[in-house]
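Take a look at the letters that make up each chain.
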Amino acid sequence: MTDYNSVLYWSKDESFCLANGWEYNQNSKELYQWWLNCVNNKSEELVRLGITLHDRLIGYADLASINNNTAELGVAIGESALWGKGIGFYSAECMMQYGFEELGITVFNAETHEANVRSKKILGKLGFKEISRVGNEEYLGTNGQLIQYRLFYKN
């Protein structure tokens, strides 16, 4: 819970909110309740770990929809000023290694918007392959195509 002020800061970053589907400048009490749930939620299907830089929470990485040896990978860097510096790539790489070593995950799925160039670049660099284009969702204020990816992990 000591990281709540970082999360509150992210909620005031319009670029982050637009890119991640967060309500911009969200009510602080609602955001606090959401963060409380994130911190205390124990789930067999979701692992969320914080990303830190110089002992400050700057984002999070998820393994969601965990089922047997499969999970969906997600990464969010909360401070848009830190985008494009390799933190997302490194965090995704670390989360995949964690998923493999601790949870036995060997198949990673991911999804991003067609317009999310950074995310597509990260997934490609990690070795993910596009498997489908299903659905649309808003990204940066514009409705666009979703792209699904998969990676068969080998350590």
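Residues numbered from 1 in each chain as written. Predicted model: local features only at pLDDT ≥ 70, side-chain atom pairs only at ≥ 80, totals over all residues. Heavy atoms only, no water.

## Topic: the packing of helix α4 (residues 87-103) against helix α5 (residues 117-126)
So, point 1. Viewed as axis vectors pointing N to C, α4 and α5 meet at an angle of 45°, and their least axial separation amounts to 10 Å. As far as their axial angle goes, α5 and α4 are oblique. The chirality of how α4 crosses α5 is right-handed. Residues Gly88, Phe89, Ala92, Glu93 and Met96 of α4 form the contact with α5, whose participating residues are Ile122, Lys125 and Leu126.
So, point 2. Of the residues belonging to the contact of α4 with α5, the class tally is five nonpolar, one polar and two charged. (Axes fitted to C-alpha atoms, helices over the stretch in contact; angles between N-to-C directions. Helix = DSSP H or I, 4+ residues; strand = E, 2+ residues; numbered from the N terminus. Parallel < 35°, antiparallel > 145°, perpendicular 65-115°, else oblique. Left-handed = near helix turned anticlockwise from the far one by under 90°. Contact = heavy atoms within 4.5 Å. Nonpolar A, V, L, I, M, F, W, Y, C, P; charged D, E, K, R; others polar.)

## Here's the deal with a nonpolar patch on the surface
So, point 1. On the surface, Met1, Tyr32 and Val39 cluster together into a nonpolar patch covering about 220 Å² of accessible area.
So, point 2. Looking at the secondary structure, you find Val39 in helix α3 (residues 28-40).
So, point 3. For Val39, a relative accessible area of 32% puts it in the partly exposed group. (Patch = residues over 30% accessible without salt bridge, like charges linked within 9 Å, V, L, I, M, F, W, Y side chains within 5 Å. Areas by Shrake-Rupley, 256 points an atom, 1.4 Å probe, with all protein chains shown as cover. Salt bridge = Lys/Arg side-chain N within 4 Å of Asp/Glu carboxyl O. Buried < 20%, exposed > 50% of the residue type's maximum accessible area, 1.4 Å probe, protein only.)

## Some words on the environment of Ser65
So, point 1. Looking at where Ser65 falls in the secondary structure, it is placed in strand β2 (residues 56-67).
So, point 2. Taking C-alpha positions, Ser65 is 22 Å from Asn116, a pair spaced 51 residues apart along the chain.
So, point 3. In this structure Ser65 touches Glu45, Thr70 and Ala71, once residues within four positions along its chain are discounted.

## Topic: a negative patch on the surface
So, point 1. A surface patch of negative charge is lined by Glu72, Glu111, Glu137 and Glu138.
So, point 2. In this structure, Glu111 sits in strand β4 (residues 107-113). (Lys, Arg positive; Asp, Glu negative; His and termini not counted. Charge placed at Lys NZ, Arg CZ, Asp CG, Glu CD.)

## Some words on the packing of aromatic side chains
So, point 1. Tallied over the full model, the rule gives nine aromatic pairs.
So, point 2. Ring centres of Phe16 and Trp22 lie 4.8 Å apart, and the angle between their planes is 75°; on these two criteria the pair is classed as edge-to-face.
So, point 3. Its relative accessible area of 0% is what places Phe16 among the buried residues.
So, point 4. Pairing Trp22 with Trp34 gives two aromatic rings, centres 5.2 Å apart and planes at 70°, and the pair type is edge-to-face. Of this pair, Trp22 sits in the loop between α2 (14-20) and α3 while Trp34 sits in helix α3, and the two are twelve residues apart along the sequence.
So, point 5. The class for Trp22 is buried, based on a relative accessible area of 14%.
So, point 6. Accessibility expressed as a relative area gives 30% for Trp34, which makes it partly exposed. (Phe/Tyr/Trp six-rings, centres within 6.5 Å; stacked < 30°, edge-to-face > 60°.)

## Concerning the pairing of β4
So, point 1. Of all seven residues making up β4, six are buried, and the element is well covered by its neighbours.
So, point 2. Where strand β3 (residues 70-77) and β4 come together, three bridges link them in parallel fashion. The partner of Ala71 across the bridge, within β4, is Phe108.
So, point 3. Crossover β3 to β4 through α4 is right-handed.
So, point 4. Relative to strand β7 (residues 142-152), β4 runs antiparallel, the two sharing seven bridges. Following the sheet pairing, Phe108 is matched in β7 by Leu151. (Pairing = 2+ DSSP bridges. Right-handed = clockwise from strand over helix to strand, strands pointing away.)

## Things to note about the side chain of Thr112
So, point 1. Of note, Thr112 is situated in strand β4.
So, point 2. According to the relative accessible area criterion, Thr112 is buried, its value standing at 4%.
So, point 3. At a separation of 3.1 Å, a polar atom in the side chain of Thr112 contacts the side chain of Ser119.
So, point 4. Those residues in contact with Thr112 that sit more than four places away from it in its chain are Ser119, Lys120, Leu123, Gln145, Leu146, Ile147 and Tyr149. (Polar contact = N/O pair within 3.5 Å; in protein donor to acceptor, adjacent residues only side chain to side chain.)

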